[in-house]
Amino acid sequence: MTPVLRPASDSDRDIVLSWRNHPDVRAVSLTTHEILPEEHAKWWEAATADPQRHIMIFAEETRDCGVVIFDLREDPPSWSFYLDVEGLDGKLLPAWMRLEQAAVEYAFGELGLTRLGGETLAANKQVIALHRRFGFLEKRRYERLIDGMPQTVVWTERGTDQ
């Protein structure tokens, strides 16, 4: 089973929204409301038209099972991801590991990045541990309002200047 990242196409838009709106994904996201199709379509159109943003579909065998979003507009570039929680039927950890490996290889290979960072809720200890396993270091913690409540966010980063 060789995981791959492929560029998203417009035919992926609705499935990505369904993955993003899954309650388990929303619970660990920085934006927790259920995203309406119109809101998602507007974001999708802007993101896919922007050469500084890369929306990649994570696939294994012939099955799409996640999305990775690289945002090169920032310094350092950032990334985020989520999986098809329902479709993976409880086998999330192995898929997370394969997705992160593929994403890191893509970022530092295909995209030619020298640094990559991202935000994770401090309560999402599993993902922070996963990032650590793949060489990301915690750089800072800060508070952010999420649903009107202050939450601690952890910025992790990997790069040549660590």
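Residues numbered from 1 in each chain as written. Predicted model: local features only at pLDDT ≥ 70, side-chain atom pairs only at ≥ 80, totals over all residues. Heavy atoms only, no water.

Asker: Could you clarify how one ought to interpret the nonpolar core in this entry?
Answerer: Leu-5, Val-68, Phe-70 and Trp-79 are the most contacted members of the largest nonpolar core, which totals 26 residues. Only β2 (53-60), β3 (63-71), β4 (78-83), α4 (92-110) and α5 (125-133) provide two or more residues apiece to this core. In terms of residues, this core owes the most to one element, α4, which gives eight residues. Residues within four places of Leu-5 in sequence aside, it is in contact with Met-56, Ile-57, Phe-58, Val-68, Ala-102, Ala-103 and Tyr-106. Grouped together as the second largest cluster of nonpolar side chains are 12 residues, Ala-8, Val-16, Ala-47 and Tyr-82 included. (Core = buried A, V, L, I, M, F, W, Y, C linked by side-chain atoms within 4.5 Å. Buried < 20%, exposed > 50% of the residue type's maximum accessible area, 1.4 Å probe, protein only. Helix = DSSP H or I, 4+ residues; strand = E, 2+ residues; numbered from the N terminus. Contact = heavy atoms within 4.5 Å.)

Asker: Is there a simple way to think about the packing of aromatic side chains in this case?
Answerer: Aromatic ring pairs: the centre-centre distance and the angle between the two ring planes describe each pair. All told, the structure shown has four aromatic pairs when counted by the stated rule. When the centroid spacing of 5.8 Å and the interplanar angle of 20° are considered together, the rings of Trp-79 and Phe-136 count as stacked. Here Trp-79, found in strand β4, pairs with Phe-136, found in the loop between α5 and β6 (137-146); they are 57 residues apart in sequence, far enough to count as distant. Each of the two residues, Trp-79 as well as Phe-136, counts as buried. Three or more aromatic residues joined by ring pairs form one cluster here, namely Trp-79, Phe-81 and Phe-136. (Phe/Tyr/Trp six-rings, centres within 6.5 Å; stacked < 30°, edge-to-face > 60°.)

Asker: Explain the packing of helix α1 (residues 13-20) against helix α3 (residues 37-49) to me, please; I cannot follow it from the model alone.
Answerer: Geometrically, a packed helix pair is captured by the angle between its two axes and the distance between the axes. The N-to-C vectors of α1 and α3 enclose an angle of 120°; their axes lie 10 Å apart at closest approach. Comparing the axis directions of α1 and α3 gives the class oblique. For the element pair α1 and α3, the recorded crossing hand is right-handed. Taking contact as the criterion, the partners of Arg-13, Val-16 and Leu-17 in α1 are, on α3, Pro-37, His-40, Ala-41 and Trp-44. Classifying every residue of the contact of α1 with α3 by side-chain character gives five nonpolar, one polar and one charged. (Axes fitted to C-alpha atoms, helices over the stretch in contact; angles between N-to-C directions. Parallel < 35°, antiparallel > 145°, perpendicular 65-115°, else oblique. Left-handed = near helix turned anticlockwise from the far one by under 90°. Nonpolar A, V, L, I, M, F, W, Y, C, P; charged D, E, K, R; others polar.)

Asker: What should I look at first to understand the UniProt feature "domain: N-acetyltransferase" (unreviewed entry) in the protein chain in this one?
Answerer: Here the UniProt-annotated "domain: N-acetyltransferase" (unreviewed entry) positions come out as residues 4-136. Secondary structure content for residues 4-136 is 41% helix and 26% strand, while the C-alpha to C-alpha distance between its ends is 21 Å. (UniProt positions renumbered as here; feature names shortened; annotations may be inferred.)

Asker: Even after reading the chapter, I still don't get the pattern of salt bridges, so can you show me in this structure?
Answerer: Pairing between side chains becomes possible if they bear opposite charge and their charged atoms approach one another. What the rule picks out here adds up to 11 salt bridges. Its salt-bridge partner being Arg-6, residue Asp-12 comes within 2.9 Å of it at the nearest N-O pair. With relative accessibility at 4%, the residue Asp-12 sits in the buried group. For the salt bridge of Arg-98 with Glu-60, the shortest nitrogen-to-oxygen distance reads 2.2 Å. Placement of Arg-98 in helix α4 and of Glu-60 in strand β2 is noted, with a sequence separation of 38 residues between them. Taking the relative accessible area as the measure of exposure, Arg-98 reaches 26% and is therefore partly exposed. (Salt bridge = Lys/Arg side-chain N within 4 Å of Asp/Glu carboxyl O.)

Asker: What exactly am I supposed to notice about unusual backbone geometry here?
Answerer: If a residue is not glycine, its phi is most likely negative; likewise, a peptide bond is most likely trans. With omega at 0°, the peptide bond leading from Asp-75 into Pro-76 counts as cis. The topology assignment puts Pro-76 in the loop between β3 and β4. Positive phi values are uncommon outside glycine, yet Asp-147 reaches one of about 55°. Counting through the fold element by element, Asp-147 comes out in the loop between β6 and β7 (149-159).

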